Amino acid sequence: MNKYQKQIFKGTLYALLSGIVWGICGILGEYFFAHYSVTSGWITSMRLVIAGLVVLVIAAIQDSKKIWGIWKKKRIFSLL
């Protein structure tokens, strides 16, 4: 398998996984609506928090030094 075929395979795999995760999120959202008194804002917030944590974990696995690199520059704090 050459480099181009690997990229196509990875992209297809990511597309399939994202569809599966989208479906699971919908099912979990319906479950929370049916069994708990939650709002759509709460569900959206939880989805974003979990997605952010997943992205941070993936980034930490790939290169953990770059995650904390943003906090090393003092001028960045003024932007935050």
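Residues numbered from 1 in each chain as written. Predicted model: local features only at pLDDT ≥ 70, side-chain atom pairs only at ≥ 80, totals over all residues. Heavy atoms only, no water.

Focus: the overall build of the chain
In step 1: Helices and strands together make up the secondary structure of the chain, namely 3 helices and 0 strands.
In step 2: Moving toward the C terminus, one meets the helices and strands of the chain in the order α-α-α.
In step 3: Against the globule reference of 12 Å for 80 residues, the chain gives a C-alpha radius of gyration of 18 Å, more extended than a compact globule.
In step 4: Projected onto its principal axes, the C-alpha coordinates of the chain cover approximately 45 × 45 × 20 Å.
In step 5: The 80 residues of the chain split such that 4% are buried. (Helix = DSSP H or I, 4+ residues; strand = E, 2+ residues; numbered from the N terminus. Rg over C-alpha atoms; globule rule 2.2 N^0.38 Å. Buried < 20%, exposed > 50% of the residue type's maximum accessible area, 1.4 Å probe, protein only.)

Some details on the packing of helix α1 (residues 3-35) against helix α2 (residues 40-67)
In step 1: It is the contact of α1 with α2, at a shortest axis distance of 11 Å, that shows an interaxial angle of 140 degrees. Comparing their axes, α2 and α1 come out oblique. The chirality of how α1 crosses α2 is right-handed. The residues of α2 that touch α1, namely those facing Cys25, Gly26, Gly29, Phe32 and Phe33, are Ser40, Trp42, Ile43 and Arg47.
In step 2: Split by residue class, the contact of α1 with α2 holds 5 nonpolar, 3 polar and 1 charged. (Axes fitted to C-alpha atoms, helices over the stretch in contact; angles between N-to-C directions. Parallel < 35°, antiparallel > 145°, perpendicular 65-115°, else oblique. Left-handed = near helix turned anticlockwise from the far one by under 90°. Contact = heavy atoms within 4.5 Å. Nonpolar A, V, L, I, M, F, W, Y, C, P; charged D, E, K, R; others polar.)

Regarding the packing of aromatic side chains
In step 1: Per the counting criterion, the structure on display carries 4 aromatic pairs.
In step 2: On the numbers, 6.2 Å between centres and 70 degrees between planes, the contact of Tyr31 with Tyr36 is edge-to-face.
In step 3: For Tyr31, a relative accessible area of 38% corresponds to the partly exposed category.
In step 4: When the centroid spacing of 5.6 Å and the interplanar angle of 40 degrees are considered together, the rings of Phe32 and Tyr36 count as tilted.
In step 5: Classification of Phe32 by relative accessible area gives partly exposed; the value is 27%. (Phe/Tyr/Trp six-rings, centres within 6.5 Å; stacked < 30°, edge-to-face > 60°.)

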